[in-house]
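Report on the structure
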Amino acid sequence: MPDTNRLSPAGLSSGSSHTASLVDILDRVLDKGLVVAGDIKISLAEVELLTIRIRLLICSIDKAEQIGMDWWKYDKNLSPGRTTALRDEEALRKQIRLLERRVAALTRARRASPRRAPIT
């Protein structure tokens, strides 16, 4: 006798003999996405002391990129290839600071030197 209490692909309990495998359900969740949200509030004498907002999004990487939730691309701890780019960026910033200091020193030296009369 088949188990008729399994979840159908739509996520509803099905009374028919059509059942979805775990792979089918996982595929559907990753394709469409699943959001779990909740708030925890701690109050004392009707004064809110702490609020914790919990948001959980389960979806495929493609779906996350599609909806603009691709934060892992910019996290240096999760994208080891980005560390070289960050080092290169820091080196460029150091060079810019050095050039700015040189320009400032030249500007100060030019102001401090006596002006010569133009030769006519």
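Structure shown above.
Residues numbered from 1 in each chain as written. Predicted model: local features only at pLDDT ≥ 70, side-chain atom pairs only at ≥ 80, totals over all residues. Heavy atoms only, no water.

1. Points about a nonpolar patch on the surface
In plain terms, the rule: Like-charged residues within 9 Å of one another, or nonpolar side chains (Val, Leu, Ile, Met, Phe, Trp, Tyr) within 5 Å, are grouped into patches, provided each residue has over 30% relative accessible area and no salt bridge. Per-residue and other accessible areas were derived by the Shrake-Rupley procedure at a 1.4 Å probe size, with only the shown protein chains allowed to occlude residues. A pair is scored as a salt bridge if a Lys or Arg side-chain nitrogen falls within 4 Å of a carboxyl oxygen belonging to Asp or Glu. By definition, any uninterrupted DSSP run of H or I lasting at least four residues is a helix, any uninterrupted run of E lasting at least two residues is a strand, and each is numbered from the N terminus.
On the surface, I40, I42, L44, V47, L49, L50, I52 and I54 cluster together to form a nonpolar patch covering roughly 710 Å² of accessible area. Where the nonpolar patch is concerned, the elements lending two or more residues are β1 (34-44) and β2 (47-58). Residue contributions to the nonpolar patch peak at five residues, all from β2.

2. A short note on the pairing of β1
Rules: Strand pairing requires that DSSP identify at least two bridges connecting the strands.
When β1 meets β2, the two strands line up antiparallel, connected through eleven bridges. Bridge pairing in β2 links A37 to R55. Joining the antiparallel neighbours β1 and β2 is a turn of two residues, in which A45 adopts a positive phi near 55°.

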